[in-house]
Amino acid sequence: MDKICIRRLEVFAFHGVYEEEERLGQKFYITAELELDTRTAGLTDDLRASVNYGDICRELTGLMQKKRHKLIEAAAEDMALYLLEKYTQVQKVTVELEKPGAPVPYPLETLMVHIERSRHRAYLSIGSNLGDRRMNLAAAVQLLAAQPDVWVKKQSPLYETVPYGYVEQPVFLNGCLEIETLRSPQELLVLLHEIEKKLGRTRDIHWGPRTVDLDIIFMITVSLIHRISISLIWIWPTENLF
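Colleague: I keep staring at the packing of helix α5 (residues 133-145) against helix α6 (residues 185-198) and nothing clicks. Help me out?
Modeller: Two elements in contact, α5 and α6, have axes whose closest approach is 10 Å; the angle formed by their N-to-C orientations is 135 degrees. Between α5 and α6, the crossing angle belongs to the class labelled oblique. α6 is crossed by α5, and the crossing has right-handed handedness. The segment α5 lies against α6, with A140, L143 and L144 engaging L191, L192, I195 and K198. A per-class count over the contact of α5 with α6 returns 6 nonpolar, no polar and 1 charged.

Colleague: What should I look at first to understand α6 in this one?
Modeller: Along an α-helix, a turn takes 3.6 residues, which lines up residues three or four apart on a common side. Taking 1.5 Å per residue, 14 residues should reach 20 Å; α6 reaches 20 Å between its end C-alpha atoms and fits that length. The complete set of buried residues in α6 reads L188, L191, L192, I195 and E196. Along the axis of α6, the buried positions cluster into a sector of 140 degrees, meaning they face one direction only. Those residues of α6 that are exposed and angled more than 90 degrees off the buried face are Q186, K197 and K198. Where α6 is buried, its residues meet β5 (120-128), α5, β6 (150-155), β8 (172-181) and β9 (213-220). Backbone geometry just after α6 places G200 at a positive phi near 90 degrees.

Colleague: Just checking my understanding: could you explain helix α3 (residues 53-66) for this structure?
Modeller: Here α3 spans 20 Å end to end across 14 residues, near enough to the 20 Å set by a 1.5 Å rise per residue. Packed against the buried residues of α3 are β1 (2-13), β2 (26-36), α4 (72-86) and β3 (92-98). In this structure N52 caps α3, since a side-chain oxygen of it lies 2.9 Å from the backbone nitrogen of G54.

Colleague: I'm lost on the packing of α3 against α4 in this one. Help?
Modeller: The description of two helices packed together rests on the angle between their axes and the distance between the axes. The interhelical angle for the contact between α3 and α4, taken along N-to-C directions, is 140 degrees, at an axis separation of 10 Å. Relative to α4, the element α3 is oriented oblique. α4 is crossed by α3, and the crossing has right-handed handedness. Between α3 and α4, the contacting residues are I56, E59, L60, L63 and M64 on the first element and A75, D78, M79, Y82, L83 and K86 on the second. Broken down by class, the residue content of the contact of α3 with α4 amounts to 8 nonpolar, no polar and 3 charged.

Each value, and the rule that gives it
Residues numbered from 1 in each chain as written. Predicted model: local features only at pLDDT ≥ 70, side-chain atom pairs only at ≥ 80, totals over all residues. Heavy atoms only, no water. Axes fitted to C-alpha atoms, helices over the stretch in contact; angles between N-to-C directions. Helix = DSSP H or I, 4+ residues; strand = E, 2+ residues; numbered from the N terminus. Parallel < 35°, antiparallel > 145°, perpendicular 65-115°, else oblique. Left-handed = near helix turned anticlockwise from the far one by under 90°. Contact = heavy atoms within 4.5 Å. Nonpolar A, V, L, I, M, F, W, Y, C, P; charged D, E, K, R; others polar. Expected span 1.5 Å × (residues − 1). Buried < 20%, exposed > 50% of the residue type's maximum accessible area, 1.4 Å probe, protein only. Arc of directions from axis to C-beta. Polar contact = N/O pair within 3.5 Å; in protein donor to acceptor, adjacent residues only side chain to side chain.

This is the structure we're talking about:
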């Protein structure tokens, strides 16, 4: 995958745990790598086929200065999610946020958080066999699509299927969804359970009747990497080098 890189964008902002950091502010450096297909932009020389890195610099600066965080981890997360939510052609972002003036009583060059976030494709099964089944499924899809980090790409036709396991219950109406999401598999599962509960799902009988049933069938994901690093400058006595 191609990359567009912004290296060490300097921003003065107010993030930190200590009161002095929130009051006085300090300098930060932002490095952002955006992974996307730039072939069309390269062949056509058309900016509309890529992303405008001038706009991105302005937007990241605004994010850093508008909202204050105690942790640079939270500030980096905000920037990564913003880029993936706004620029739909970007499949993955890497954000490094440096805090060279961190109040640490040790000889360090910089303190930095490094995160990688990406879009994931998931395939879901949806089903209902209580109440107005079509309305239940439509409500579930609507609640999914209302999430800022979930995009419903395709929906299959709905089919009636007989129950399995516990058979003394009404016939199901089932279908499938293809979605894109910024959530991890665990986070997506939590969301699906929240939607089920909101629409009246109860778990009284194993394989029993339900107003709505949402399951992850398959998910294509990239491992999320979390890394915090500190670059140290250390002067070794020359007599200890050999």
